[in-house]
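Residue-level structural notes
Each chain, letter by letter, is given below.
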Amino acid sequence: MSQPVLAQEAASADETTTVQEDDASAKDAIVVTGSRIRRDSFNSPSPITVLTRDDSTVAGFNSTSEILQSTSVTAGARQIDNTFTGFITGGGPGANTLSLRSLGPARTLIMLNGRRLAPSGTSGSVASADLNVLPNAIVERIEILKDGASSIYGSDAIAGVVNIITDRKTKGLTLDGGVSIPEVGQGITRRIAVIGGYSSDRFNISGSFEIYDRDILKFDAHKYLRCQTEYIASAPGQPFGSGDFVDPKTGKPKCYPTGFTGVDGVTVNTIGTSTRAGAAGGPGNPAIGTFNRFRFNPAAGGSVPGWEGVNNGGSSGLGNRDTINDNYFNRALISPTTNYSGYLQGDFQLNALGDAEIYFDGLFTRRESTQPTFFQAIIDYWAGSPLIPTELQFSNIGATDQSGGRAVGVRAFTSRNYRGRQRVDYMRFGGGIRGNLPWKDWTYDLYFGKSYNKGEYFFQQLITSRMIQAMDVVPNGSGGFVCRDTSNGCVAAPRLTGDVVNGAIPQDYLDFVAPEVGGTTKFWETTVSGQVSGNLFTLPGGDVGIAIGAEYRKQKIDDQPPIEQQTGQLYSFSTAGITQGKDAVKEVFGEIDLPILADRPFFNVLSLNGSVRYTDYDSYGDGWTYKLGAVWSPIEALSFRGTYGTSYRAPALSEQFQAPTAGFLSNNVDPCFQYGTRDPSTTIFKNCQAAGIPTSYGNGQAGSPLGQSVRVLTTGGADSGIKAETSKSWTVGTIIQPPLPASVGKFELAVDYFNIEINNGVAQFGGGNIISSCYNDPQFASGTNGGELCQFVVRDAADSTNPYRATVTNAFINIATNKVRGLDFNLRYVVPIGETTLRVNAGATRYLEQASNINPNDPLDDDNGEIYLPKWTGDLDVTYDIGKVSFYYGLNWVGKMDSFEAVGEDRNNSIYQFATPNYFTHSASVRFKLDNFTITGGVKNFTDKEPPQISAYVFNRLGNSPLYSGYDFTGRTFYLNFTAKVF
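Since we're looking at a predicted model, the values are computed, not measured. (Residues numbered from 1 in each chain as written. Predicted model: local features only at pLDDT ≥ 70, side-chain atom pairs only at ≥ 80, totals over all residues. Heavy atoms only, no water.)

**Side note on the overall build of the protein**
This is how it is decided: What counts as a helix is a DSSP run of H or I of at least four residues, what counts as a strand is a run of E of at least two, and both are numbered from the N terminus. C-alpha atoms define the radius of gyration, and 2.2 Å times the number of residues to the power 0.38 defines the globule rule. Note on contacts: a residue pair qualifies if any of its non-hydrogen atoms lie within 4.5 Å across the two residues.
Helix and strand content of the protein: 11 helices and 44 strands. Its C-alpha radius of gyration of 31 Å places the protein within 12% of the 30 Å reference for a compact globule of 983 residues. Taking the principal axes of its C-alpha atoms as reference, the protein extends roughly 95 × 70 × 60 Å. Long-range contacts, defined here as pairs at least 24 residues apart, represent 70% of the contacts in the protein between residues at least 6 apart.

**Some points on helix 11 (residues 767-775)**
Heads up, the condition is: Partly exposed residues are those whose accessible area sits between 20% and 50% of the maximum for their type, while under 20% is buried and over 50% is exposed, using a 1.4 Å probe and protein chains only. The directions considered for the arc are those from the helix axis to the C-beta atoms.
Listing the buried residues of helix 11 in full gives Gly767, Ile770, Ile771, Cys774 and Tyr775. In a view along the axis of helix 11, the buried residues occupy a sector of 110°, so they form one face of it. At its buried positions, helix 11 is contacted by strand 28 (661-665), helix 10 (683-690), strand 29 (710-715), strand 32 (793-795) and strand 33 (806-833).

**Focus on a positive patch on the surface**
Heads up, the rule is: Exposure above 30% relative accessible area and the absence of a salt bridge qualify a residue for a patch, where like charges join within 9 Å and nonpolar side chains (Val, Leu, Ile, Met, Phe, Trp, Tyr) within 5 Å. Only the protein chains shown count as cover for residues, with accessible areas throughout obtained via the Shrake-Rupley method and a probe of 1.4 Å. We define a salt bridge as a side-chain nitrogen of Lys or Arg found within 4 Å of a carboxyl oxygen belonging to Asp or Glu. When charges are counted, neither His nor the chain ends are considered; positive counts come from Lys and Arg and negative counts from Asp and Glu. Note that the charge is assigned to NZ on lysines, CZ on arginines, CG on aspartates and CD on glutamates.
A surface patch of positive charge is lined by Lys450, Lys554, Lys556 and Lys582. Along the chain, the position of Lys450 falls in strand 18 (residues 443-460).

**Examining a nonpolar patch on the surface**
Together, Val612, Trp624, Tyr626, Leu628, Tyr644, Trp730 and Val732 make up a nonpolar patch on the protein surface, roughly 690 Å² of accessible area in all. Of all elements in the fold, only strand 26 (621-635) and strand 30 (725-736) reach the threshold of two or more residues within the nonpolar patch. A total of three residues in the nonpolar patch trace back to one element, the largest contributor, which is strand 26. By the element assignment, Tyr644 lies in strand 27 (residues 638-649). Take Tyr644: its relative accessible area is 33%, and that puts it in the partly exposed class.

**Regarding the pattern of salt bridges**
Taken as a whole and judged by the stated rule, the model has 38 salt bridges. A salt bridge links Arg141 to Glu140; the shortest N-O distance between them is 2.3 Å. Its salt-bridge partner being Glu725, residue Arg649 comes within 3.1 Å of it at the nearest N-O pair. Placement of the pair is Arg649 in strand 27 and Glu725 in strand 30, with a sequence separation of 76 residues. Judged by its relative accessible area of 2%, Arg649 falls in the buried class. Take Glu725: its relative accessible area is 0%, and that puts it in the buried class. Each member of the salt-bridge network shares a partner with another, and the members are Arg107, Arg649, Glu655 and Glu725.

**Thoughts on the environment of Asn96**
Filter applied, for reference: Between N or O atoms, a polar contact is any pair within 3.5 Å; within protein, one atom must be a potential hydrogen donor and the other a potential acceptor, and residues adjacent in sequence are included only when both atoms are from side chains.
Looking at the element boundaries, Asn96 is found in the loop between helix 3 (71-74) and strand 2 (108-112). Here the alpha-carbon distance between Asn96 and Val133, two residues 37 residues apart in the chain, equals 9.5 Å. Once you skip the residues sitting within four places of it in the chain, Asn96 turns out to touch Ser65, Gln69, Ile80, Asp81, Asn82, Ala129, Asp130, Leu131 and Asn132. A distance of 3.1 Å separates polar atoms of two side chains, one belonging to Asn96 and the other to Asn82.

**Remarks on the state of the cysteines**
Filter applied, for reference: Throughout, a disulfide means two cysteine sulfur atoms within 2.5 Å of one another.
A complete count under the given rule lists four disulfides for this structure. One disulfide in the model links Cys483 with Cys490; its S-S distance is 2.0 Å. Its S-S torsion of approximately -70° makes the covalent link between Cys483 and Cys490 left-handed. When its relative accessible area of 13% is taken as the criterion, Cys490 is described as buried. Across the disulfide from Cys672 sits Cys688; the S-S distance is 1.9 Å. Since a negative S-S torsion denotes a left-handed disulfide, the Cys672-Cys688 link at about -90° is left-handed. One end of the pair, Cys672, is in the loop between strand 28 and helix 10; the other, Cys688, is in helix 10, and 16 residues separate them in sequence. Note on accessibility: Cys672 and Cys688 belong to one class, buried. Disulfide partners in the protein, listed by the sequence order of the bonded cysteines, are 1-2, 3-4, 5-6, 7-8.

**Some thoughts on the confidence of the model for the protein**
Defined as follows: For every residue, the predictor assigns a confidence score, pLDDT, that lies between 0 and 100.
Mean pLDDT over the protein works out to 90, with 94% of the residues at or above the 70 mark. When the criterion is pLDDT under 50, residues 1-28 qualifies, and its contacts beyond four places in sequence or with other chains add up to 118 contacts.

**Topic: the packing of aromatic side chains**
The criterion, for reference: Between the rings of Phe, Tyr and Trp (Trp by its six-membered ring), a pair exists once the centres lie within 6.5 Å; its type follows the angle of the planes, with under 30 degrees stacked, over 60 edge-to-face, and the other angles tilted.
Applying the stated criterion across every chain, the model contains 31 aromatic pairs. Seen in terms of ring centroids, Tyr614 and Trp624 are 5.0 Å apart; in terms of plane orientation they differ by 50°. Their pairing is tilted. Pair noted here: Tyr614 is in strand 25 (residues 603-617) and Trp624 is in strand 26, with a separation of 10 residues, a long-range link. On the accessibility criterion, Tyr614 (22% relative accessible area) is partly exposed. Looking at Trp624, the relative accessible area reads 62%, which means it is exposed. Relative to Tyr953, the ring of Tyr912 lies with its centre 6.1 Å away and its plane at 90°, an arrangement referred to as edge-to-face. You can see Tyr912 sitting in the loop between strand 38 (897-898) and strand 39 (915-916) and its partner Tyr953 sitting in the loop between strand 41 (933-940) and strand 42 (957-958), a full 41 residues away along the chain. A residue is classified by how much of its surface remains accessible, and Tyr912, at 23% relative accessible area, is partly exposed. Here Tyr953 falls in the partly exposed class, since its relative accessible area comes to 38%. In textbook terms, an aromatic cluster arises when at least three aromatic residues are bridged by ring pairs, as seen for Tyr868, Phe900, Tyr912, Phe914, Tyr953 and Phe955.

**Observations regarding unusual backbone geometry**
The residue Ala75 is not glycine, and still its phi comes out positive at about 55°. Accessibility expressed as a relative area gives 7% for Ala75, which makes it buried. The phi angle at Asn941 is positive, at roughly 50°, despite the residue not being glycine. On the secondary structure map, Asn941 appears in the loop between strand 41 and strand 42.

**A look at the sheet that holds strand 2**
Applicable threshold: Strands pair, by our definition, only if DSSP identifies at least two bridges between them.
Sheet architecture is open: five strands sit in the order 1-4-5-2-3, paired in mixed fashion. Two strands lie at the open edges of the sheet, namely strand 1 (48-52) and strand 3 (115-116), each paired on one side alone. With five bridges joining them, strand 2 and strand 5 (residues 160-166) adopt parallel strand pairing. Across the sheet, Ile110 pairs through a bridge with Val162, a residue of strand 5.

**Observations concerning the pairing of strand 22 (residues 542-560)**
Where strand 21 (residues 516-539) lies against strand 22, 18 bridges are found, and the strand directions are antiparallel. Across the sheet, residue Glu525 finds its bridge partner in strand 22, namely Gln555. Hairpin connection between strand 21 and strand 22: a loop of two residues separates the two successive antiparallel strands. Of the pairings in the sheet, the one linking strand 22 to strand 24 (residues 579-600) comprises 15 bridges and is antiparallel in character. Among the inter-strand pairings, Ala550 is bridged to a residue of strand 24, identified as Val588.

**Section: the side chain of Asp130**
Counting through the fold element by element, Asp130 comes out in the loop between strand 3 and strand 4 (139-145). Apart from residues no more than four positions distant in its own chain, Asp130 is found in contact with Ala95, Asn96, Ser120 and Arg367.

**Re the pairing of strand 25**
Relative to strand 25, strand 24 runs antiparallel, the two being bridged by 14 bridges. Residue pairing across strands places Pro595 opposite Ser607, the latter belonging to strand 25. Hairpin geometry of strand 24 and strand 25 is characterised by an intervening segment of two residues between the two adjacent antiparallel strands and by a positive phi of about 65° at Phe602. Bridge count for strand 25 against strand 26 is 13 bridges, and the pairing is antiparallel.

**Topic: the side chain of Asp752**
Along the chain, Asp752 turns up in strand 31 (residues 746-764). A relative accessible area of 3% means that Asp752 is categorised as buried. Looking at Asp752, its side chain comes within polar contact range of the side chain of Arg641, at 2.8 Å.

Written out as structure tokens, the structure is:
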């Protein structure tokens, strides 16, 4: 599926073409991804991977998104896919993005037929293309350029460029579809498509309409996901899991909610009360005692009959309190979605204006995605409420953040399922005219395109004002209760019972206090471009090609979060403002290709390539990027290639204009919390005192200022002067293509070294890092206010309701540095065996460095080989053709990873597991190809390989497995694909 890029047939200026099968000898001028010039060069100076539709079908991929997020494309880089339910991700829930070289999706440019794909998704964090909008059935191949190309394509092309190319030769009507069925019986995917096309002497049109549908795959699908534990050893050298805290209720290792780095989880199925003596204890502490946490047990006696006491014991901090409810297993491991996609393309020959043709393409997609999940529902019952049973009327725990100033008697920690959902419509239309200029071999191309994203997003959260309204009840005269204030359709809170605490909350009450709230995200992009290209003169190696052009792009974002979120009414949930902004860029570019020598001794090919681009953004200013490339082939069997260039990434609109989103960090994050206990000679003591904060701040003594939580405002960086990222990259590689006898076959090997370094990276420093760096800065007390970061920290006045509380603005700023180095290996071997053919494609990547820092004053931190960042990844595809039957075998490999040193643990003397072994999955299929019908059946991960397990406390996990897209959480999966030519 991966191979060195070679030349083949001619293509239009907005389309790229590469070799397939035996077309390597073609010498027609072409345009290759990474260039705008038609050339006769045998090889591209840049490394390129090609994925054909046929190869992806036999491998069992059901969508373009799945193909692009596979290891053969990503080389092990962690991807945002549908296993990230419950996490905040760019583009909002349900979006799938692509990150090359582990540099993030915003640094990977996605194109469709040579034109960039605009961002899509929901929320104010829309910054990159959503792979869900891409067509599937009409895709002919995918080309992945593996080095920087901003001088060719503009912003974002730092880590690489992915170009999806559709089939323009489609004729007649074809049905295409398939089904994929995991052995666990969940997560079934189905797809059906119609592809059609018509051609005449002057007119060509083709298109497709398709539906892709995926069912939910729940957490109860696999046993290894049912129980997240500490996964620690009782002593170094003992089995992992032997040291886990044992739940006294079950006698087994305690389970905690998954998706977190640790195992504290949340308590459910319990209530909080004021302290009560003489109560019956629960498992692990059965004696009569004093408790302020209880779990329902009708058989419990003592001073709180029907309720058994639970405590805070155990290494987890939750002891014998429940943390898991059956509701939990109804949440999505892989979230469901239904995608509709329509694509249309065509051209018409004018027979005028230089044999010009008018061309166009249009794309419309709709994504309907949901994320069923689980949450801890806290219900505060007011002291003395008739909804509290007699045995709990003793309790009074004071006012809470949900009581509206009223004293609370009982806090119920219950649970419930809810869902988020999105409906995202994405439309793109573009077209233009291209033809020949009066000069020989010169052409022109003028293009105009627009795209529009409308994303509607909905989720369910408790609304504080409604919780208060529903708790204020009066008798209804028939033994029940109603709201005192019946406005808004108020539904009274339920009586506090064991069933309610255990999650059986009346649906009508939930619908009132946790209704579905919604927001809307709109994103527009307009592109106008033009270029001319042709030959200047002839060198001994061929014609000197040149392309020059200009482009204008304009983007606009408008995100309107739910009004309840804007006004801070969502209980225990962040607030968010309206994100609005726009930006525009004007660019001019040029490229030249110099075929210096050809067919000479020691110079079978010698060519140079150069490109340059000038960019002027409305938001931050202008700049230049350039790239140089060369190919030298001393003999036909051996070629050397290399590139060096600069790239840039303009800050995304969300990074510039994201409205402040409020959250809170513990008061322990504030360096001035209880700073009076520190040595007066320390920098922190001096700086906090210089800021006017009393030394008694947070010490808990009567009359002293209370230590406040740190308020963090996450926001865009337009006001802080955010600039574009800059980067430089270079590659050096060799291609070996020995001329072998036909009976031996065709062999190709490409080895490329890559080195990418990003400076002034756009990132958020983090609320905790900002306030820590500010008050640890020696310059603070000297009157310079602690350098740049202290401008993001302000404190409330001493006489305010939150005296001395710190508010940190966590804006996007230019601070980060990233560096990635490594080697790519690609091998292809095709050999005829009698009437059969054996094809072998193998690819591997060896990372040498994956380093970064956030604070520019810190050294680079190399994470190469740590969890999420493997040193080695690879894939192997073997296809054996016997007439009309093809047999396929695929191997996917993720190298071992080790984070012991990174987390400060000695591997040989640790009770933790922070390493993963080599991970292999295997796939196989059989394809029958007739004249008008092709059917493929196979199985992915036929050994049903489970992801490895690691200990808690550091890395996000699913079950005990790292949340890493390179692992297969679906398990053994059977698939069937077909293509039927109707006419």
